[in-house]
Protein chains: 2
Amino acid sequence: MTEIEKTLENKGVRPTAMRILIYKYLAEKEVAIALTDMENAFSKADRTTLYRTLKTFEEKRIVHQIDDGTNISKYALCEPGCNCEMEQDLHLHFHCDNCDETVCLTEHKIPHINLPDGYVAENANLVIKGICDKCSGQ
Amino acid sequence: MTEIEKTLENKGVRPTAMRILIYKYLAEKEVAIALTDMENAFSKADRTTLYRTLKTFEEKRIVHQIDDGTNISKYALCEPGCNCEMEQDLHLHFHCDNCDETVCLTEHKIPHINLPDGYVAENANLVIKGICDKCSGQ
DNA sequence: CAATAATTGCACTTCCGTTGCATGAAACAA
DNA sequence: TTGTTTCATGCAACGGAAGTGCAATTATTG
Ligand SMILES: [Mn+2]
Ligand SMILES: [Mn+2]
Ligand SMILES: [Zn+2]
Ligand SMILES: [Zn+2]
């Protein structure tokens, strides 16, 4: 039983062949992945299967969904031991307007914001847009 | 010539009857407005006209588009003298998970974030999700 | 007035996300 | 092992929202 299989089982997901492939794919990419990206990468698999796999992974906290402002949902593996719901785990995301890629900046947490009276914060999403390190030529 | 007509002309938009109505509608709401909201409010007008009016308003800096994570574009009037592009004008937005309304918190600017080397920030979007003042009963 | 330009309305398309239902594979209980 | 149940996958379709081409209407200009 491989590492990935163990990880999936620990998270309560049956490690099917398809799911292991999808997990591997997400692991080797260091950018956030859209459903369409996966369709292209796994032309043999059905779009729905990929979709539902991502949803399952999300439910089981294997991936987190990223809204980068493009109106296309992206996904990335959670950090080991991350708890996506907790405020202290909310890192920011960077979307490059040049290469259109989105990355997790897991070291950069979203700063705490003081809200007006009556507002109760439960979640936060911070996306910075600009030019990424690869595209800025550094 | 009314205040609204003057405002529109100053921004380089011809003040048609339709546009004045739409401007008024946006002005009297203190929440961000989706295209569908406008369709309901102006059942007589065509969806495309409302759509293109919002796009025109956006281009001319009369409204700014808001991405609140619902994947439905919303719009709100810009503050007088605001320059939506400038970083210092980037305020945060609050989306209530209870009433599903999104508001501009124009007083709350997005804090400056230090990015890793090579990353160039050009824009930022910060959305806080939770319970708004009306829904939290304060 | 006629000529021109801008606005509006209608029809249609595309894209992404989502769901219902049938089939196939794996786990389980006898 | 066999039958039963549960879960995963595939196929087909739907829905909402954004966006476009073009014709009709309205406003502006000379
Ligand atoms: Mn992330
Ligand atoms: Mn705003
Ligand atoms: Zn880039
Ligand atoms: Zn509310």
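Residues numbered from 1 in each chain as written. Chains lettered and ligands numbered in written order. Predicted model: local features only at pLDDT ≥ 70, side-chain atom pairs only at ≥ 80, totals over all residues. Heavy atoms only, no water.

Novice: Honestly, the coordination of the zinc ion (ligand 4) in this entry has me stumped. Any pointers?
Specialist: For a metal with four donors in a tetrahedral arrangement, the ideal angle between donors is 109.5 degrees, while six donors in an octahedron ideally sit at 90 or 180 degrees. Around the zinc ion (ligand 4), the donor atoms from the protein are B:Cys96 (SG), B:Cys99 (SG), B:Cys132 (SG) and B:Cys135 (SG), and they sit 2.2 to 2.4 Å away. Classification of the site at the zinc ion (ligand 4) rests on its 4 donor atoms, whose angles at the metal span 105 to 115°, yielding the label tetrahedral. (Donors = N, O, S within 2.8 Å, 3.2 Å for Na, K, Ca; no water. Tetrahedral: all angles 85-135°; square planar, octahedral: opposite > 155°, others 65-115°.)

Novice: Help me understand the side chain of A:His64 in this model?
Specialist: Relative to the helices and strands, A:His64 resides in strand β2 (residues 63–66). Its relative accessible area of 9% is what places A:His64 among the buried residues. (Helix = DSSP H or I, 4+ residues; strand = E, 2+ residues; numbered from the N terminus. Buried < 20%, exposed > 50% of the residue type's maximum accessible area, 1.4 Å probe, protein only.)

Novice: Help me understand the protein's contact with DNA strand D in this model?
Specialist: Around DNA strand D, the surrounding shell holds 18 residues, and the nearest of these are A:Thr16, A:Arg19, A:Thr49, A:Arg52 and B:Tyr51. At the protein interface, 73% of the atoms of DNA strand D within 4 Å belong to sugar or phosphate. Between DNA strand D and A:Arg19, the relevant distance is 2.6 Å, taken from a phosphate oxygen to a side-chain nitrogen or oxygen of the residue. Interatomic distance of 3.2 Å between a side-chain N/O atom of A:Thr48 and a base nitrogen of DNA strand D. Among the elements of the structure, α2 (17–28) and α4 (47–59) of chain A together with α3 (35–41) and α4 (47–59) of chain B are those that each provide at least two residues to the surface near DNA strand D. (Near = heavy atom within 4 Å. Polar contact = N/O pair within 3.5 Å; in protein donor to acceptor, adjacent residues only side chain to side chain.)

Novice: Explain the protein's contact with DNA strand C here, please?
Specialist: Taken together, 17 residues lie around DNA strand C, and A:Tyr51, B:Thr16, B:Arg19, B:Thr49 and B:Arg52 are the ones closest in. Among the atoms of DNA strand C close to the protein, meaning within 4 Å, 72% are from sugar or phosphate groups. Take B:Arg19: an N or O atom from its side chain is 2.7 Å from a phosphate oxygen of DNA strand C. Between DNA strand C and B:Thr48 there is a distance of 3.3 Å, counted from a base nitrogen to a side-chain nitrogen or oxygen. Every element with two or more residues in the surface near DNA strand C is listed here: α4 of chain A together with α2 (17–28) and α4 of chain B. With 5 residues, α4(A) is the largest single contributor of residues to the surface near DNA strand C.

Novice: Would you mind showing me how to read the relation of the copies chain A and chain B here?
Specialist: For the pair of chain copies, the relating transformation is a rotation about an axis with a translation along it. Once turned by 180° and shifted 0.0 Å along the axis, chain A lies on chain B with an RMSD of 0.0 Å. The transformation just described matches what one would write down for a two-fold rotation axis. Relative to the rotation axis, the C-alpha of A:Leu126 is the closest in chain A, positioned 2.2 Å from it. The residues that chain A uses at the interface reappear at the interface of chain B in 100% of cases, marking a shared surface. (Least-squares fit on C-alpha atoms with pLDDT ≥ 70 in both. Contact = heavy atoms within 4.5 Å.)

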